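# Examination of the molecular architecture
Listed below, chain by chain, are the residues.
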Amino acid sequence: ARALTPQTAETDAIRFLVGTQSLRYDNQIHIIDFDDENNIINKNVLLHQVGEIWHISTSPADKGVLATCYNKTSDSKVMTCAAVWRMPKELESGSHESPDDSSSNTQTLELLCHLDNTAHGNMACVMWEPMGDGKKIISLADNNILLWDLQESSAKAVLSSSAALEGKGQLKFTSGRWSPHHNCTQIATANDTTVRGWDTRSMRQIYGIENAHGQLVRDLDFNPNKQYYLASCGDDCKVKFWDTRNVTEPVKTLEEHSHWVWNVRYNHSHDQLILTGSSDSRVILSNMVSISSEPFGHMVDDDELSDQEDQHQEEKIKEPIQDSVIATYEEHEDSVYAVEWSSADPWLFASLSYDGRLVINRVPRALKYHILL
């Protein structure tokens, strides 16, 4: 397995979706519900009969809707296609009891529409407009950016605009992220060693970071609280943080992994918390407080302090907290291809390795209270 996503529209229950990659039998989407109080994982399985799943993403507005990128073999050629699906009604919201005999109870996804890419090439990923009504989707196919409008309760996808990468050689997107800022009019894409920003209204490039990494760029993520900040990671084992207004140099670089970094994710609530997953089989949680929206930690209200404390406190406030690695998680025995924060609980995250192992972890309690108190 390499496809993992939180159920974005579900903010009450802790839920992740995992897509399988099997050549031999029907592929599946596993709906993983984590019961926080009892530390139990419940699992429901949906059949995804069209092929192995390379990427999965969920609608920000509708709990039942998701998109997958999957491999399809036709005329002995393998194509990566994308489609939008609806899960069965009774599985839409979280915290369900697992059926006792799950084998007899496998349900099928309902196909809403294909994002038809026959003219555009192989799909790398599908992104939903972050703050939208779940009607706008962007897919990256080979060297094309395709903006789709979903109509008639998502049963039809109309291509509303597109852009293409131009240049020498076989240009292909590896991944992309839709920025939650600027009224959701910007996306960032990665191809080869380059990161580019695009305006979704004009479909023109607005910035480019050539040689953002020494090798292939694998993943990107926007800081949810600081509008110009973007994280990237890649096969040079590095994670870099950029201010997109000035892309000559990264603002910070993390060099903690010893192999390709597949994934980087900002915490949605506390943007100093950064999660990375790598084919060194490790997940690393870092505290990048110096470039976060709370560089001095939590501010204390002046009225609460006596004079003596006051001076001490002022000295403390001027001292920014240091960036550091908080924890390294080594429960995986294979490449970690995906890490994701829960949409419902800001202190909880999941990681997925190629051998199909899904691990759910939480931010260490001491740090959680340090951030909150």
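Residues numbered from 1 in each chain as written. Predicted model: local features only at pLDDT ≥ 70, side-chain atom pairs only at ≥ 80, totals over all residues. Heavy atoms only, no water.

## Things to note about the overall build of the protein chain
A tally of helices and strands in the protein chain yields 2 helices and 28 strands. Buried positions account for 53% of the 373 residues belonging to the protein chain. Restricting the contact set of the protein chain to residue pairs at least 6 apart, pairs at least 24 apart contribute 50%. (Helix = DSSP H or I, 4+ residues; strand = E, 2+ residues; numbered from the N terminus. Buried < 20%, exposed > 50% of the residue type's maximum accessible area, 1.4 Å probe, protein only. Contact = heavy atoms within 4.5 Å.)

## Points about the UniProt feature "repeat: WD" (unreviewed entry) in the protein chain
Feature annotation in UniProt places "repeat: WD" (unreviewed entry) on residues 210-246, given in this structure's numbering. In this annotation, residues 210-246 is assigned 0% helix and 46% strand; the end-to-end C-alpha distance for the span is 13 Å. (UniProt positions renumbered as here; feature names shortened; annotations may be inferred.)

## Brief notes about unusual backbone geometry
Look at Asn183: it is not a glycine, yet its phi comes out positive at around 55 degrees. Within the secondary structure layout, Asn183 lies in the loop between β14 (173-178) and β15 (186-191). Among the residues examined, Asn183 registers a relative accessible area of 70% and is labelled exposed.

## Structural notes on the sheet that holds strand β20 (residues 239-243)
Read across the sheet, 4 strands follow the order β18-β19-β20-β21 without closing on themselves; strand pairing throughout is antiparallel. Of all strands in the sheet, those with a lone pairing partner are β18 (217-222) and β21 (252-254), marking the two edges. Recorded for the sheet is a direction-independent mean angle of 20 degrees between the axes of neighbouring strands. Across 5 bridges, β18 lies against strand β19 (residues 229-234) in antiparallel orientation. Looking at β19, one finds that Leu220 is bridged to Ser232. (Pairing = 2+ DSSP bridges. Axes fitted to C-alpha atoms, helices over the stretch in contact; angles between N-to-C directions.)

## Describing the environment of His48
One can find His48 in strand β4 (residues 40-48). Taking relative accessible area as the criterion, His48 reaches 0% and is therefore assigned buried. For the pair His48 and Gln107, spaced 59 residues apart in sequence, the C-alpha to C-alpha distance is 9.3 Å. Apart from residues lying up to four places away in sequence, His48 is in contact with Asn27, Gln28, Ile29, Ile53, Thr68, Tyr70, Trp85 and Leu109. Within the local environment of His48, its side chain forms a polar contact with the backbone oxygen of Gly51, the two atoms lying 3.2 Å apart. A distance of 2.9 Å separates a polar atom in the side chain of His48 from a polar atom in the side chain of Thr68. (Polar contact = N/O pair within 3.5 Å; in protein donor to acceptor, adjacent residues only side chain to side chain.)

## As for the nonpolar core
In this structure, Val84, Leu115, Met123 and Ile137 are the most contacted members of the largest nonpolar core, which totals 17 residues. For this core, the secondary structure elements donating two or more residues are β6 (65-74), β7 (77-86), β9 (110-115), β10 (123-128), β11 (136-141) and β12 (144-151). Excluding residues that lie within four positions of it along the chain, Met123 makes contacts with Cys69, Thr80, Cys81, Ala82, Leu115, Asn117, Ser139, Leu140, Ala141, Leu146 and Trp148. With 15 residues, the next largest nonpolar core counts Tyr70, Cys81, Trp85 and Met87 among its residues. (Core = buried A, V, L, I, M, F, W, Y, C linked by side-chain atoms within 4.5 Å.)

## A word on the packing of aromatic side chains
Two aromatic rings, taken as a pair, are described by how far apart their centres are and by the angle between their planes. Applying the stated rule across the entire model yields 7 aromatic pairs. For the pair Phe173 and Trp198, a centre-to-centre distance of 6.5 Å together with 75 degrees between the ring planes defines the contact as edge-to-face. Highlighted residues: Phe173 in strand β14 and Trp198 in strand β16 (residues 194-199), separated in sequence by 25 residues. The exposure class of Phe173 is buried, given its relative accessible area of 5%. Seen in terms of ring centroids, Tyr337 and Tyr354 are 5.4 Å apart; in terms of plane orientation they differ by 75 degrees. Their pairing is edge-to-face. Of this pair, Tyr337 sits in strand β26 (residues 336-341) while Tyr354 sits in the loop between β27 (348-353) and β28 (358-362), and the two are 17 residues apart along the sequence. For Tyr337, a relative accessible area of 15% gives the class buried. Note on Tyr354: relative accessible area 39%, which makes it partly exposed. (Phe/Tyr/Trp six-rings, centres within 6.5 Å; stacked < 30°, edge-to-face > 60°.)

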